[in-house]
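Per-entry structural report
Each chain is listed here by its residues.
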Number of protein chains: 2
Amino acid sequence: MSRTLYDLAGEDPARRFSPFCWRSRLALAHKGLDVETVPWRFTERERLRFSGQGKVPVLVDGEDVVADSWAIACWLEDRYPDRPSLFGGEGGRAVSRFLNNWADDALHPQVARMVVADIEPLLAPADRAYFRESREQRFGMPLERVSADRAERVQVFRRDLLHPLRTTLGQQPWLGGEEPRYADYVVFGAFQWARVCSAFELLEEGDPVAAWRDRVLDLHGGLARATPACGAAPALEART
Amino acid sequence: MSRTLYDLAGEDPARRFSPFCWRSRLALAHKGLDVETVPWRFTERERLRFSGQGKVPVLVDGEDVVADSWAIACWLEDRYPDRPSLFGGEGGRAVSRFLNNWADDALHPQVARMVVADIEPLLAPADRAYFRESREQRFGMPLERVSADRAERVQVFRRDLLHPLRTTLGQQPWLGGEEPRYADYVVFGAFQWARVCSAFELLEEGDPVAAWRDRVLDLHGGLARATPACGAAPALEART
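Residues numbered from 1 in each chain as written. Chains lettered and ligands numbered in written order. Predicted model: local features only at pLDDT ≥ 70, side-chain atom pairs only at ≥ 80, totals over all residues. Heavy atoms only, no water.

**Remarks on helix α3 (residues 90–119) of chain A**
All names here are of chain A. Here α3 is 30 residues long, yet its end C-alpha atoms lie only 37 Å apart, well below the 44 Å a rise of 1.5 Å per residue gives. The largest bend in α3 comes to about 50°, at Arg 113. With 25 of 30 residues buried, α3 is to be regarded as a mostly interior element. (Helix = DSSP H or I, 4+ residues; strand = E, 2+ residues; numbered from the N terminus. Expected span 1.5 Å × (residues − 1). Bend = angle between axes of the 7 residues up to and from the residue. Buried < 20%, exposed > 50% of the residue type's maximum accessible area, 1.4 Å probe, protein only.)

**Remarks on unusual backbone geometry**
Only a minority of non-glycine residues have a phi that is not negative, and only a minority of peptide bonds are not trans. Residues and elements named next belong to chain A. The omega torsion across Val 56 and Pro 57 is 5°, close enough to zero to call that bond cis. Of note, Pro 57 is situated in the loop between β2 (36–40) and β3 (58–61). Phi at His 220 takes a positive value of approximately 55°, unusual for a residue other than glycine. Mapped onto the elements, His 220 comes out in helix α9 (residues 208–222). His 220 sits in the partly exposed class, given a relative accessible area of 31%.

**What about the relation of the copies chain A and chain B?**
The relation between the two copies of this chain is a rotation about an axis and a shift parallel to it. When chain A is fitted onto chain B, the two copies agree to an RMSD of 0.0 Å after a turn of 180° and an axial shift of 0.0 Å. The superposition of one copy onto the other is thereby described by a two-fold rotation axis. Measuring from the rotation axis to each C-alpha of chain A, the shortest distance belongs to Gly 92 of chain A, at 1.8 Å. Of the residues that chain A buries at the interface, 100% are likewise interface residues in chain B, meaning the two copies contact each other through the same surface. (Least-squares fit on C-alpha atoms with pLDDT ≥ 70 in both. Contact = heavy atoms within 4.5 Å.)

**Some words on the pattern of salt bridges**
Residue and element names in this part refer to chain A. By the definition in use, this model includes 42 salt bridges over all chains. Ionic pairing is found between Lys 31 and Glu 77, a salt bridge with its closest N-O pair at 2.9 Å. Of this pair, Lys 31 sits in the loop between α1 (19–30) and β2 while Glu 77 sits in helix α2 (residues 69–79); the two residues are 46 residues apart in sequence, bridging distant segments of the chain. What makes Lys 31 buried here is its relative accessible area of 1%. Of the residues examined, Glu 77 reaches a relative accessible area of 10% and is grouped as buried. Between Glu 120 and Arg 132 there is a salt bridge; the shortest N-O distance is 2.8 Å. Of this pair, Glu 120 sits in the loop between α3 and α4 (125–139) while Arg 132 sits in helix α4, and the two are 12 residues apart along the sequence. Residue class for Arg 132 comes out partly exposed when judged on its relative accessible area of 22%. (Salt bridge = Lys/Arg side-chain N within 4 Å of Asp/Glu carboxyl O.)

**Quick notes on the interface of chain A and chain B**
Taken together, the contacts link 27 residues of chain A with 27 residues of chain B. Summed over both sides, the interface between chain A and chain B buries roughly 2200 Å², with carbon and sulfur atoms accounting for 61% of that surface. The largest per-residue losses of area from chain A upon contact with chain B belong to Val 95, Phe 98 and Asp 105 of chain A, which jointly make up 29% of the total buried on that side. Applying the counting rule to chain A against chain B returns 0 salt bridges. At the surface where chain A touches chain B, the tally comes to 12 residue pairs in polar contact (both at pLDDT 80 or more). It is α3 of chain A that contributes the most residues to the side of chain A that touches chain B, 12 residues altogether. (Buried area = accessible area lost by both parts, 1.4 Å probe. Polar contact = N/O pair within 3.5 Å; in protein donor to acceptor, adjacent residues only side chain to side chain.)

**Details of the sheet that holds β3 of chain A**
All names here are of chain A. An order of β2-β1-β3-β4 is seen for the 4 strands of this open sheet, with the pairing classed as mixed. One side of each edge strand has no neighbouring strand; the edge strands of this open sheet are β2 and β4 (64–67). The average undirected angle you get between the axes of adjacent strands in this sheet is 20°. Sheet strands in contact with α1 are β1 (3–8), β2 and β3, and its direction is about 150° off that of β1. Of the strands in this sheet, β1, β3 and β4 are in contact with α2, which crosses β4 at around 140°. (Pairing = 2+ DSSP bridges. Axes fitted to C-alpha atoms, helices over the stretch in contact; angles between N-to-C directions.)

**Focus on the packing of helix α3 (residues 90–119) of chain B against helix α8 (residues 182–197) of chain B**
All names here are of chain B. Close contact between α3 and α8 brings their axes to 9 Å; oriented N to C, the two are set at 5°. Classified by the interaxial angle, the pair formed by α3 and α8 is roughly parallel. Together, Ser 96, Leu 99, Asn 100, Trp 102, Ala 103, Leu 107, His 108, Val 111, Ala 112, Val 115, Asp 118 and Ile 119 of α3 and Tyr 182, Ala 183, Val 186, Val 187, Ala 190, Trp 193, Ala 194 and Cys 197 of α8 make up the contact between the two elements. Considering only residue class, the contact of α3 with α8 consists of 16 nonpolar, 3 polar and 1 charged. (Parallel < 35°, antiparallel > 145°, perpendicular 65-115°, else oblique. Nonpolar A, V, L, I, M, F, W, Y, C, P; charged D, E, K, R; others polar.)

**Considering the pairing of strand β4 (residues 64–67) of chain B**
Residue and element names in this part refer to chain B. Bridge count between strand β3 (residues 58–61) and β4: 4 bridges; the pairing is antiparallel. What sits directly across from Asp 61, in β4, is Asp 64. In sequence, β3 turns back onto β4 through a hairpin of 2 residues, with Gly 62 there showing a positive phi of about 60°.

**A look at the side chain of Arg 93 of chain A**
Residues and elements named next belong to chain A. Tracing the sequence through the fold places Arg 93 in helix α3. Polar side-chain contacts of Arg 93 include one of 2.6 Å to the side chain of Asp 78. Leaving out residues up to four positions away in the same chain, Arg 93 has contacts with Trp 70, Cys 74, Glu 77, Asp 78 and Phe 87.

**A few points about the environment of Tyr 182 of chain A**
Residue and element names in this part refer to chain A. The residue Tyr 182 is located in helix α8 (residues 182–197) in this model. Remark: the alpha-carbon pair of Tyr 182 and Leu 122, spanning 60 residues in sequence, is separated by 28 Å. Dropping the residues within four chain positions of it, Tyr 182 is found in contact with Arg 23, Ala 27, Ser 69, Trp 70, Ala 73, Leu 86, Phe 87 and Asn 100. At 3.3 Å, the side chain of Tyr 182 and the backbone oxygen of Ser 69 are in polar contact.

Keep in mind these numbers describe shape, not what the thing actually does.
The following block contains the structure:
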């Protein structure tokens, strides 16, 4: 049976950077399911018309079409119940929903502020104007100004926002408990997004959150590590 | 079999305000377990010596002594597995640990800043000096100054910190999913703490988080609602 995931890509089709798509890729790997990923760009909304909406990830699994990372995770859990569980029971699914919203509503906006200025030059030419315009409207200022204070911002981010993550990872090896689960992939998506798009380092060496991120990079045969980090991007400071 | 919970109280022994003790009281009620609660004050550490530490909640269940709200929840889940589950499976327990840490590390410090100045006059006389000294040391300023900006602080608290809670409660009736679980009690503890200690209102009418708080107040025969709200406290502004 063919299985396809539409996956956000930069100009380089190997640069897969959507935090939401990474949640779905790791969820598929967790279930042991093969998938062909198809590179997709922001301005290719027409190509997703079959899914009834215009955003990735979109999973096509045989006859089924599922859009939205949370919906995909729930669909995989219900469709493949005999494979390793993403949630570890109904209570896990329910509370993972809070964690999913914490990532979307609290973690992502902070990560976005720190890396958004690095993303535009990595995009396909047709995507760049769309990206700059939509993001400058969201933040109400030029992208370079959004990220300009990141050296200070990252200190507060590490100390305050990551505090509950750090405490949890001092108590158990994974956010999912004794083994990785969807909770880990939800939070990891944000760090993978930053890793693939920006040379700016969100985490300090020695932070238990950094050690955990490294362990997620190694999961499922190093799936996430196989997408290279953005080490070669010019520093923000050099471009402004 | 006798079962006792040592529970933080104000000068009025009916004023039970510890967010951690409320987690345990609701967990016991969730399991359908009777318990005698014993009022305890901050400066009565000697009375807890039998537990090997000096903080509440402490649960004494027959021969067993368990301290710390998270440890009590896990102990209840394991000791009474045939009663309604607090976590809904191992995945629920693991991810609830993150939510527990989010409440401790992110939610409580913000609530404390807004209500701490209201707490001291409610305490037993012997507790007042201890409370003021320890909290002023923690915040590095007089209690009245800590809470002085709460009219502005609460706006950001509602908009940003509560955002993931609000999103989740728009998707499912309880943080625990289709039914209340320990995740609900963890977060509710913070709102009950504020409700019992302060007339300052953390939530706006119409906020789905306020509607959820009301529903938790009604659970288990209105257990949490039976402890009166602090409506009679003089306004902070009138005392400074």
